[in-house]
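Next come the chains, spelled out residue by residue.
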Amino acid sequence: MSSADTVQPISGFEAYRSKAEKYVMAAKTVQKVVDGLYWIVAREGLLPDSNIYLVKVGERFVIFDTGISNFFRHTYAAIEELGFNVSQLDRMILTHTHLDHSGSAPLFLREAKDAEVWVSKQEGDYLEKGDDTVVYGSFLGQRLEPVPVGRKLQEGDVVKAGDFTFQVLHTPGHSIGSLCFFEPRQNILISGDVVFRHGSFGRVDLPTGNPQQLIASIFRLAQLPVEILLPGHMSIATNNGQAEIQLSLQFAKQVL
Ligand SMILES: [Zn+2]
């Protein structure tokens with residue numbers, strides 16, 4: 001069998017680099033949201049994966065969430081399909097540290113050594129220590145690798161990325177340090193696992209989850225004039241995102 005026919009197992013990072021491997025690797029689906037902002041669609045599989053939002057920053061790029069490490073090679077291919085090289089990664093901004101959102105961070109750091117990880121101050125310490133308390137790694141059969149944190153974000157901070165300026169909202173309930181990012185010029189909300197479409201919302205049964213906090217967080221988000229809703233899982237809403245959040249609030253109040 002020639003090397004081109006050999007499919008390497010997912011472990012072994014160097015395998016991602018070989019040309020032969022690239023040809024057998026399907027990129028994740030990519031969709032433009034607005035100019036300069038792209039959705040890398042989560043892979044469906046036995047293990048959960050998260051949506052990734054990529055923002056163009058000049059010649060470089062920023063991602064919101066990293067996806068799970070098992071699907072890193074597909075994320076890698078998707079980024080190349082968008083015309084970037086992974087070494088051009090400037091920052092990884094995490095909505096929270098569950099492994100389906102943060103698990104690929106160590107792999108990105110091997111390719112983009114000066115890239116920074118930004119995460120909430122509440123979960124940043126866990127990430128730096130590789131402390132599995134919040135990430136539910138055992139549930140996924142994975143361990144959290146310690147990751148250096150460049151900036152610990154908190155309520156009221158402002159995050160600039162390319163043409164976008166996001167307000168940082170601390171929205172706990174799904175996890176203690178869950179963050180949402182609101183961009184008021186185009187009314188875009190990156191909502192992590194706080195709210196999803198179709199009345200869905202984040203689970204509260206994982207470590208540091210809290211149902212009353214989640215309801216309060218969704219209530220807060222429902223007051224924002226959100227048009228474009230970019231959640232951590234499932235599909236995105238390209239208009240009337242506020243109605244989606246209000247539906248999630250109704251259901252959350254009923255069942256939590
Ligand atoms: Zn989560």
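Residues numbered from 1 in each chain as written. Predicted model: local features only at pLDDT ≥ 70, side-chain atom pairs only at ≥ 80, totals over all residues.

1. Here we look at the overall build of the protein
Inclusion rule: In DSSP terms, a helix is any run of H or I states spanning at least four residues, a strand is any run of E spanning at least two, and both are numbered starting from the N terminus. Here a residue counts as buried when 20 or more other C-beta atoms fall within 10 Å of its C-beta, as exposed when 12 or fewer do, and as partly exposed in between; the C-beta atoms come from the backbone. It is the C-beta atoms, placed from the backbone, that decide contacts: two residues are in contact if theirs lie within 7 Å.
Scanning the protein for helices and strands turns up 8 helices and 12 strands. A burial count over the protein gives 45% of its 256 residues as buried. Taking contacts inside the protein between residues at least 6 apart in sequence as the whole, the part at least 24 apart equals 61%.

2. Topic: the pairing of strand 5 (residues 89-93)
As a reminder, the rule being used: When DSSP locates at least two bridges between a pair of strands, those strands are taken to pair. The handedness of a crossover follows from its direction of travel: if, with the strands pointing away from the viewer, the path from the first strand over the helix to the second runs clockwise, the crossover is right-handed.
For strand 5, the tally of buried residues reaches 4 of 5 residues, placing the bulk of the element in the interior. The sheet contact formed by strand 4 (residues 60-64) and strand 5 spans 4 bridges and is parallel. By the bridge assignment for strand 5, isoleucine 63 is matched with methionine 92. Handedness of the crossover joining strand 4 and strand 5 through helix 2 (residues 72-81) is recorded here as right-handed.

3. Side note on the sheet that holds strand 2 (residues 37-40)
Under the convention used in this document: In this analysis, axes come from line fits to C-alpha atoms, helices being fitted only over the stretch in contact, and the angle between any two N-to-C directions falls in the range 0 to 180 degrees.
Strand order in this open sheet of 7 strands is 1-2-3-4-5-6-7, and the pairing throughout is mixed. The sheet terminates laterally at strand 1 (30-34) and strand 7 (151-153), the two strands that pair on one side only. Each strand axis lies, on average, 25 degrees off the axis of its neighbour in the sheet, ignoring direction. Against the sheet, helix 5 (residues 121-129) contacts strand 6 (116-120) and strand 7, and its axis sits at roughly 130 degrees relative to strand 6.

4. So, the nonpolar core
The condition is simple: Buried Ala, Val, Leu, Ile, Met, Phe, Trp, Tyr and Cys residues form a nonpolar core when they are connected through C-beta atoms within 7 Å.
In this structure, Tyr53, Leu54, Ile63 and Ile218 are the most contacted members of the largest nonpolar core, which totals 65 residues. Setting aside its immediate chain neighbours within four residues, isoleucine 218 contacts Val194, Val195, Phe201, Ile245, Ser248, Leu249 and Ala252.

5. Concerning the confidence of the model for the protein
Test applied: Confidence scores labelled pLDDT are given residue by residue by the predictor and lie between 0 and 100.
Per-residue confidence for the protein gives a mean pLDDT of 90; residues scoring 70 or more make up 89%. Of the regions scoring below 50 in pLDDT, residues 1-13 engages in 12 contacts with residues more than four places distant in sequence or in other chains.

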